[in-house]
Amino acid sequence: MIKTKLTRDTFHVFQANAKNALKQSEQVPSVLICAGTGCIAGGSMKIYENIKAECEERGLPVYVGLKHDNEEEKSLHVKMSGCHGFCEMGPLVHIEPMGILYIHVKPEDCHEIIEKTVLGGEIIDRLVYHLDGVAYPRQEDIPFYKGQKRVVLENCGTSDAEDIEEYIAKGGYAAFEKALFEMTDEEICKTIIDSGLRGRGGGGFPAGRKWDGARKQKSDVKYIVCNGDEGDPGAFMDRSIMEGNPHSVLEGMMIAGLAAGSSEGYIYVRAEYPLAVNRLKTAIAKAEQYGLLGDNIMGTKFCFHMHVNKGAGAFVCGEGSALTASIEGNRGMPRVKPPRTIEKGLWAKPTVLNNVETFANVPQIILKGVDWYQNIGTKKSPGTKAFALTGNVVNTGLIEVPMGTTIKEVVFDIGGGIPNGKKFKAVQIGGPSGGATTGSEEHLNLPLDFDSLKSIGAMIGSGGLVVMDEDTCMVETARFFMEFTQKESCGKCVPCREGTKRMLETLNRIVDNKGTLEDLDLLEELADTITNTALCGLGQSACKPVQSTLKHFRQDYLRHVVDHHCPICNKEKPHPTIVADKCKGCGKCRKNCPMEAINGAVKQVHTIDAEKCINCGACVGNCPFGAIEPAKEG
Amino acid sequence: MSNALTRASEIIDSYNCEQSNLIAILQEIQAEYNYLSEAALTLVAEKLGVSTAKVYSVATFYENFSLEAKGKHIIKVCAGTACHVRKSGPIYDAIRDYLNLTGKKKTSDDGLFTLETVACLGACGLAPVMTIDGEVHAKMTPDAALALLEQIRKEESAE
């Protein structure tokens with residue numbers, strides 16, 4: 001425990017001690033219980049309590065934090081870690097130094113885990129991950145982890161997210177220290193520009209250029225803002241980073257502060273992520289306590305203060321100018337640009353606004369250098385990217401792969417393919433602002449990077465990958481996304497406010513089998529107009545799911561508008577019905593039906609064949625007994 | 001000012017009556033009272049020195065704020081993409097039917113439950129999910145969801 005704020009020298013001493021403590025700790029068995037949102041929902045807190053209780057009962061002393069020199073020998077570490085990523089298999093328990101991963105752990109398994117594995121070194125086969133009859137007791141051998149390269153998520157799942165000492169022991173805040181004492185603001189910007197780091201929020205704008213732009217602005221006050229408003233449904237990369245490695249985000253922001261000449265940082269987090277908010281607040285408090293945040297950091301003139309702002313449930317706040325408006329306490333509505341955020345952002349001051357994952361990449365780039373970073377990923381999109389792999393896929397979870405990994409590798413090698421023997425149909429990339437790719441070889445072999453996906457009308461987005469199987473109707477999916485964007489439209493600009501509403505109406509009509517071929521043209525035309533005229537990114541990308549499904553899954557639309565029946569949605573086709581009590585069996589409707597869809601003998605009750613009926617209504621008007629009710633509006 | 005608003009007043013003071021903290025203040029007041037009453041909104045406007053229209057505009061803009069009193073237990077069914085693909089819709093419909101909710105009604109007649117949807121909880125690996133009073137329930141089915149509500153009803157009537 002430290003009492004005074006760290007200077008550069010005492011930081012070095014602290015760092016050396018922490019590293020030593022980490023080394024010693026690694027000699028002792030560790031039980032890491034995943035405490036990400038997913039595993040907590042699965043009951044991992046109870047497992048943590050049980051493991052601790054189990055140790056207490058046996059009189060096994062447990063370390064709190066790392067093991068230090070002067071500390072007595074204890075039996076094991078019990079830690080809550082960040083997200084391991086393999087959420088489908090949660091709750092997860094990882095045991096070091098054997099590298100064992102136990103899946104679907106229940107509170108009642110704790111006794112056996114301590115007894116057999118921790119003390120006896122025996123593997124409990126029942127809790128081991130199995131695939132095709134093969135057991136994978138070691139985490140690193142599991143196919144899900146094998147294809148990944150963890151840079152940003154490296155410490156998620158292996159560290160106690162709330163322990164700043166462990167973060168420092170693993171190289172944390174060393175990049176900040178280097179930037180603070182050995183680099184000028186210009187050098188930091190140049191390093192980030194040269195590294196080719198691009199914004200992970202979806203835009204892919206070079207982060208270094210943004211920083212350099214803000215650096216050149218003349219202003220006494222500048223801000224660093226971290227966008228943790230991960231509103232894209234089906235994405236949780238940023239949440240996992242904030243929960244599992246909050247210090248890396250703080251460190252990245254502090255380095256940005258040095259580069260741009262700012263002394264104030266804001267992290268805007270969705271209110272739906274209470275754990276991330278708490279972990280960030282804890283991390284800030286610890287960093288302040290050690291003097292890594294606050295005034296005159298490490299005895300220099302550099303001051304940096306950090307704030308956490310909770311969102312209040314508005315997707316549009318993921319847009320830069322809407323986000324800053326929300327921090328200011330206003331309605332989160334975007335404004336016209338220019339001026340850009342780097343010129344006039346938060347409180348009309350120059351502002352660097354980056355995504356969580358972008359900031360989390362920064363410390364490692366500063367520490368390991370531009371060449372190291374450039375060697376990962378592709379030339380134009382260096383580095384790794386975290387993806388949330390969800391939907392109809394065997395291994396749902398959080399993954400990190402080098403940029404340029406193909407969709408096929410992600411869905412089939414890491415994701416394990418489609419469950420229940422179903423066929424792959426599509427991947428929606430980038431959520432409601434992205435497009436869908438098909439199961440064609442060409443699409444499956446597309447590399448996941450910022451530029452390749454644009455060629456087929458999709459985009460990498462923030463990194464949500466939702467896999468869909470053959471039981472998914474793409475029209476219904478497009479409608480789902482449109483309903484989402486329509487609801488989240490802030491209402492400031494007409495194309496988005498009115499356009500998305502009309503799009504949704506049309507899509508609803510099509511899904512209900514009441515659409516026509518002309519509706520498809522209408523959708524295309526509207527989509528074009530909205531995309532070109534909306535004010536912000538939300539509106540400009542709102543039609544992407546419709547446009548890409550119209551292009552790649554037209555067959556699904558045709559089923560709804562031509563056949564008026566989609567076997568997947570299986571919604572009843574609208575058609576009139578004959579009321580049996582009133583029908584006299586005169587046959588007038590049968591003779592008038594252009595589709596020969598009405599059957600029945602004379603003086604017998606007639607029926608309408610839904611398959612053949614086109615809902616023209618000719619029978620309704622012609623019935624002399626008022627026995628035919630028109631199709632229900634619905 | 002009535003006594004009922006003492007706590008709200010304290011919350012506003014704790015944020016130094018600063019306008020930039022408007023959202024945080026409303027969040028905390030809602031956490032305390034479980035909704036934002038007209039009186040509370042007026043008080044916020046007075047103390048921050050802004051118009052009631054401004055406070056109302058912010059309170060109605062964000063999805064998380066509610067101007068109506070909510071039920072004792074708040075159920076949120078995730079309507080995110082991953083949950084949608086894994087059929088969260090039928091769960092929502094089943095709960096709606098169970099609570100006899102129609103039209104815009106979100107709270108059951110006995111005032112016990114309020115049903116809402118949430119855009120994404122980020123627990124996609126456990127889809128479909130729902131929360132009851134903030135606690136996440138994973139891999140839900142309509143039957144499992146109704147069993148949970150049934151359980152709460154039983155506990156409530158026992159008290």
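Since the structure is predicted, the reported quantities are computational estimates derived from the model, not experimental observations.

### Some details on the overall build of chain B
In terms of regular secondary structure, chain B is built from seven helices and four strands. The order of helices and strands in chain B, counted from the N terminus, is α-α-α-α-β-α-α-β-β-β-α. Taken along its principal axes, the extent of the C-alpha atoms in chain B is 50 × 35 × 30 Å. Within chain B, the proportion of its 159 residues that are buried is 48%. Taking the contacts inside chain B whose residues are at least 6 apart along the sequence as the reference set, 62% of them involve residues at least 24 apart. Carbon and sulfur atoms make up 50% of the accessible area of chain B, which totals about 7500 Å². Charge separation in chain B, taken as the distance between the mean sites of 15 positive and 21 negative side-chain charges, equals 7 Å.

### Describing helix α3 (residues 44-57) of chain A
Residues and elements named next belong to chain A. Between its terminal C-alpha atoms α3 stretches 20 Å, which fits the 20 Å expected from 14 residues at 1.5 Å a residue. Its buried side turned inward, α3 meets β1 (30-34), α2 (37-41), β2 (62-63), β3 (76-81), β4 (93-96) and α4 (110-119). At the exit of α3 stands glycine 59, carrying a positive phi of roughly 70°.

### Observations regarding the nonpolar core
Judged by nonpolar contacts, the single largest core of 83 residues is most densely connected at Tyr173(A), Phe176(A), Trp211(A) and Leu292(A). Once residues lying within four places of it in the same chain are set aside, the contact partners of Phe176(A) are Glu251(A), Met254(A), Ile255(A), Leu258(A), Leu292(A), Ile297(A), Met298(A) and Phe302(A). Membership of the second largest hydrophobic core comes to 64 residues, among which are Leu346(A), Leu523(A), Ile12(B) and Ile23(B).

### Some thoughts on the pattern of salt bridges
Applying the stated criterion across every chain, the model contains 42 salt bridges over all chains. In this structure, the salt-bridge partner of Asp451(A) is Arg198(A), at a minimum N-O distance of 3.3 Å. Of this pair, Asp451(A) sits in the loop between α17 (441-444) and β16 (464-469) while Arg198(A) sits in the loop between α8 (185-195) and α9 (207-216), and the two are 253 residues apart along the sequence. For Lys47(B), the salt bridge is made with Asp13(B), and the minimal N-O distance between the two is 2.9 Å. Taken together, the residues Lys47(B) in helix α3 (residues 38-48) and Asp13(B) in helix α1 (residues 6-14) connect sequence positions 34 residues apart. Connected via shared salt-bridge partners are Asp109(A), Glu112(A), Lys116(A) and Arg126(A).

### Some details on the side chain of Ser44(A)
Residue and element names in this part refer to chain A. With respect to the helices, strands and loops of the structure, serine 44 is situated in helix α3. Residue classification places serine 44 among the buried positions, given a relative accessible area of 1%. Of the polar contacts made by the side chain of serine 44, one reaches the backbone oxygen of cysteine 34; its length is 2.8 Å. Serine 44 has contacts with Ile33, Cys34, Ala35, Cys39 and Pro91, leaving out every residue within four places of it along the chain.

### Observations regarding the packing of helix α1 (residues 8-26) of chain A against helix α7 (residues 174-182) of chain A
All names here are of chain A. It is the contact of α1 with α7, at a shortest axis distance of 12 Å, that shows an interaxial angle of 155°. The orientation of α1 with respect to α7, classified from their angle, is roughly antiparallel. Like other packed secondary-structure pairs, α1 and α7 cross with a definite hand, here left-handed. Residues Arg8, Phe11, His12 and Gln15 of α1 form the contact with α7, whose own contacting residues are Ala174, Glu177, Phe181 and Glu182.

### Digging into the side chain of Thr437(A)
All names here are of chain A. Tracing the backbone through its elements, the reader meets threonine 437 in strand β15 (residues 435-438). The buried category is assigned to threonine 437, whose relative accessible area is 0%. In this view, threonine 437 contacts Ile407, Lys425, Ala426, Val427, Ile429, His443, Ile456, Ala458 and Phe553; residues no more than four positions away in its chain are not counted.

### Comments concerning the sheet that holds strand β14 (residues 424-429) of chain A
All names here are of chain A. Taken in spatial order, the five strands make up an open sheet running β13-β12-β16-β14-β15, and their pairing is mixed. Of all the strands in the sheet, just β13 (397-402) and β15 have a single pairing partner and so form its edges. Sheet twist, expressed as the mean angle between neighbouring strand axes with direction ignored, is 30°. Pairing between β14 and β15: four bridges, direction antiparallel. If you follow glutamine 428 over to β15, its bridge partner there is alanine 436.

### What about the pairing of β16(A)?
Two faces belong to every sheet, and in a regular strand the side chains alternate between them. Residues and elements named next belong to chain A. With six of six residues buried, β16 lies mostly within the body of the structure. Burial of β16 is two-sided: the residues Gly464, Val466 and Met468 facing one way and the residues Leu465, Val467 and Asp469 facing the other way are all buried. The sheet contact formed by β14 and β16 spans five bridges and is antiparallel. Looking at β16, one finds that phenylalanine 424 is bridged to aspartate 469.

### Topic: the sheet that holds strand β3 (residues 130-132) of chain B
Two modes of strand pairing occur in sheets, parallel and antiparallel, and in both the strands are linked by backbone hydrogen bonds. Residues and elements named next belong to chain B. Strand order in the open sheet made by the four strands is β2-β1-β3-β4, with mixed pairing throughout. With partners counted over all chains shown, the strands left at the sheet margins are β2 (113-118) and β4 (135-137), one partner each. For this sheet, the mean angle separating the axes of adjacent strands, direction not counted, is 25°. Pairing analysis gives three bridges linking strand β1 (residues 73-78) to β3, with the strands arranged antiparallel.

### A look at the interface of chain B and chain A
Listed by partner, the interface residues are 34 residues for chain B and 46 residues for chain A. Both sides together, the interface formed by chain B and chain A hides about 3100 Å², and carbon and sulfur atoms give 56% of it. For chain B, the biggest contributors to the area lost against chain A are Phe61(B), Tyr62(B) and Thr81(B); these three give 20% of the whole. At the surface where chain B touches chain A, the tally comes to two salt bridges. Between Arg86(B) and Glu88(A) there is a salt bridge, with the nearest N and O atoms lying 3.2 Å from each other. Taken together, chain B and chain A are joined by 17 residue pairs in polar contact (both at pLDDT 80 or more). Put simply, the parts of the chain that give the side of chain B that touches chain A at least two residues each are α2 (22-33), α4 (52-61), α5 (81-85) and β2 of chain B. Here the side of chain B that touches chain A gets five residues from one element, more than from any other, and that element is α4(B). The residue makeup of the side of chain B that touches chain A, split by class, is 17 nonpolar, twelve polar and five charged.

### Topic: the domain arrangement of chain B
When the domains of chain B are assigned, the result is domain 1 (3-61) and domain 2 (73-158). Measuring from the centre of the C-alpha atoms in domain 1 of chain B to the corresponding centre in domain 2 of chain B gives 29 Å.

Thresholds applied
- Within each chain, residue numbers correspond to sequence positions counted from 1 in written order.
- All chains are assigned letters beginning at A, and all ligands numbers beginning at 1, according to the order in which they are written.
- Since the coordinates come from a predicted model, pLDDT governs what is reported: local features require at least 70, and pairs of side-chain atoms require 80 or more to be given and counted, while whole-chain, interface and lining totals use all residues.
- Values shown for side chains rest on all heavy atoms present in the structure; no hydrogens or waters enter the calculation.
- Every helix listed is a DSSP run of H or I at least four residues long, and every strand listed is a run of E at least two residues long, numbered separately from the N terminus.
- With a 1.4 Å probe rolled over the protein chains alone, any residue whose accessible area is under 20% of its type maximum counts as buried; one over 50% counts as exposed, and the rest are partly exposed.
- By definition in these notes, contact holds between two residues if any of their heavy atoms fall within 4.5 Å.
- In short, Shrake-Rupley with a 1.4 Å probe defines the accessible areas, and a residue's cover is counted only from the protein chains shown.
- Counting rule applied: Lys, Arg positive; Asp, Glu negative; His and chain ends not counted.
- Here the site of a charge means atom NZ of a Lys, CZ of an Arg, CG of an Asp or CD of a Glu.
- For a helix, the expected span equals 1.5 Å multiplied by the residue count minus one.
- What we call a nonpolar core is a set of buried Ala, Val, Leu, Ile, Met, Phe, Trp, Tyr and Cys residues that are connected through their side-chain atoms within 4.5 Å.
- Every case where a carboxyl oxygen of Asp or Glu lies within 4 Å of a side-chain nitrogen of Lys or Arg is listed as a salt bridge.
- Any pair of N or O atoms that falls within 3.5 Å is considered a polar contact. Within protein, one atom must be able to donate a hydrogen and the other to accept it, and sequence-neighbouring residues count only if both atoms are side-chain atoms.
- To obtain an axis, a line is fitted to C-alpha atoms, over the contacting stretch when the element is a helix, and the angle between two such axes runs from 0 to 180 degrees between their N-to-C directions.
- Here the angle decides the label: under 35 degrees means roughly parallel, over 145 means roughly antiparallel, 65 to 115 means roughly perpendicular, and every other value means oblique.
- When the near helix sits turned anticlockwise from the far one by under a right angle, the crossing is termed left-handed; a clockwise turn instead gives a right-handed crossing.
- We call two strands paired when DSSP finds no fewer than two bridges between them.
- In this description, buried area is defined as the sum, over both parts, of the accessible area (probe of 1.4 Å) that is lost when the two are combined.
- Basically, the charged four are Asp, Glu, Lys and Arg, the nonpolar ten are Ala, Val, Leu, Ile, Met, Phe, Trp, Tyr, Cys and Pro, and anything else, Gly included, counts as polar.
- Domain segmentation is taken from an automatic or database assignment of domains.

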